[in-house]
Amino acid sequence: MSNFFYGISPGVQPARRTQAERRETTRRQILEAALDHLVERGIGAFLTPDVSRRAGVSHGAVFKHFPSKQQLIAATTEHLFDRLRDDFEARFLALPASARTVDAAVDLLWEIMTDPRLGAAYELYTAARTSPELRRALAPVVAQHVERLRALSHAL
């Protein structure tokens, strides 16, 4: 079929994505699927074949990006924290400058604290209490999150 059929002007070739861009897209798909699965099903029903199906990738692709289930869970937690921080920052900065107060920040933080996605993180903390492997996987993610929160609070 011609490029015209695909909505591409004749003589113009579509830009090819680099291997790094394709890899990052796949990684992001896996993390989004893992987060959705974790929020919906919980850690007890967190199965990598379900994540791969939800992400639309092979089971091998999941383990190519995340060599163990614990590493996938840790990366998913980091992805969750990144999204929550980004949501908080965007919402705070969207306020008029005169409304960017400590009280407004606390109100927004309270809303974030009731986000169902954060419930998944609480569940992971609870599971890590009795799982040394999960606790080791999550420790650097949590430490990094705390540091990023500190930096964000100073910046805002």
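Preceding block: the structure.
Visitor: Would you explain the pattern of salt bridges in this entry?
Guide: Side-chain pairing between opposite charges can occur once the charged atoms of the two side chains come close. Tallying each qualifying case throughout the model produces nine salt bridges. Note that R83 is salt-bridged to E32, the shortest N-O span being 3.0 Å. Of the two residues, R83 sits in helix 4 (residues 69-94) while E32 sits in helix 1 (residues 19-41), which places them 51 residues apart along the sequence. Between D87 and R117 there is a salt bridge, with the nearest N and O atoms lying 2.8 Å from each other. Remark: R117 occurs in helix 6 (residues 116-129) and D87 occurs in helix 4; sequence separation between them is 30 residues.

Visitor: Looking at this structure, I do not really get the packing of aromatic side chains. What am I missing?
Guide: We describe a pair of aromatic rings using the distance from one ring centre to the other and the angle between the two ring planes. Following the criterion strictly, the structure yields one aromatic pair and no others. Here F88 and F92 contribute two aromatic rings whose centre-to-centre distance is 6.2 Å and whose plane-to-plane angle is 10°, an arrangement assigned as stacked. Residue F88 and its partner F92 are both found in helix 4; the two are separated by four residues, about one turn of the helix. When sorted by exposure, F88 lands in the same class as F92, which is buried.

Visitor: Sorry, what's going on with empty space enclosed by the protein here?
Guide: Gaps between atoms show up when a probe of the same size as a water molecule is rolled over them. Under the counting rule described, the total for this entry stands at one cavity of 30 Å³ or more. For the largest cavity, the calculated volume is near 30 Å³. Taken together, E78, F81, D82, R85, V141, Q144, H145 and R148 make up the full set of residues lining the largest cavity. Among the elements of the structure, helix 4 and helix 7 (132-155) are those that each provide at least two residues to the lining of the largest cavity.

Visitor: How should the packing of helix 4 against helix 6 be read in this particular structure?
Guide: Pairs of packed helices are described in terms of their axes, by the angle between the two and the distance that separates them. Relative to each other, helix 4 and helix 6 sit at 140°, their axes nearing to 10 Å. When the axis of helix 4 is compared with that of helix 6, the two are oblique. Of the two elements, helix 4 crosses helix 6, and the hand of that crossing is left-handed. Along the contact surface, helix 4 presents I73, T77, L80, F81, R83, L84 and D87, while helix 6 presents R117, L118, A121, L124 and Y125.

Visitor: Even after reading the chapter, I still don't get helix 7, so can you show me in this structure?
Guide: Each α-helix winds once per 3.6 residues, and so residues spaced three or four apart point in a common direction. A rise of 1.5 Å per residue sets the reference length of helix 7, with its 24 residues, at 34 Å; its end C-alpha atoms lie 35 Å apart and thus fit the reference within 8%. L138 marks the point of greatest bend in helix 7, at about 35°, and the proline P140 comes within the next four residues. Among the residues making up helix 7, those that are buried are L134, A137, L138, V141, H145 and L152. Its buried side turned inward, helix 7 meets helix 4 and helix 6.

Visitor: Explain the packing of helix 1 against helix 2 (residues 48-55) to me, please; I cannot follow it from the model alone.
Guide: Remark: helix 1 packs on helix 2, axes separated minimally by 8 Å, with the N-to-C direction vectors making an angle of 120°. As summarised for this structure, helix 1 and helix 2 are arranged oblique, according to the angle between their axes. Regarding helix 1 and helix 2, the two cross each other, and that crossing is right-handed. On helix 2, the residues that touch Q29, I30, A33, A34, D36, H37, E40 and R41 of helix 1 are D50, V51, R54 and A55. Of the residues assigned to the contact of helix 1 with helix 2, the class counts are five nonpolar, two polar and five charged.

Scoring rules and cut-offs
Residues numbered from 1 in each chain as written. Predicted model: local features only at pLDDT ≥ 70, side-chain atom pairs only at ≥ 80, totals over all residues. Heavy atoms only, no water. Salt bridge = Lys/Arg side-chain N within 4 Å of Asp/Glu carboxyl O. Helix = DSSP H or I, 4+ residues; strand = E, 2+ residues; numbered from the N terminus. Phe/Tyr/Trp six-rings, centres within 6.5 Å; stacked < 30°, edge-to-face > 60°. Buried < 20%, exposed > 50% of the residue type's maximum accessible area, 1.4 Å probe, protein only. 1 Å grid on protein atoms, 1.4 Å probe; cavity = no way out; pocket = protein on both sides within 12 Å on 5 of 7 lines; lining within 4 Å. Points joined across faces, edges and corners; volume = space filled by probe spheres on them. Axes fitted to C-alpha atoms, helices over the stretch in contact; angles between N-to-C directions. Parallel < 35°, antiparallel > 145°, perpendicular 65-115°, else oblique. Left-handed = near helix turned anticlockwise from the far one by under 90°. Contact = heavy atoms within 4.5 Å. Expected span 1.5 Å × (residues − 1). Bend = angle between axes of the 7 residues up to and from the residue. Nonpolar A, V, L, I, M, F, W, Y, C, P; charged D, E, K, R; others polar.

Without other data, these values stay purely geometric and don't point to any function.
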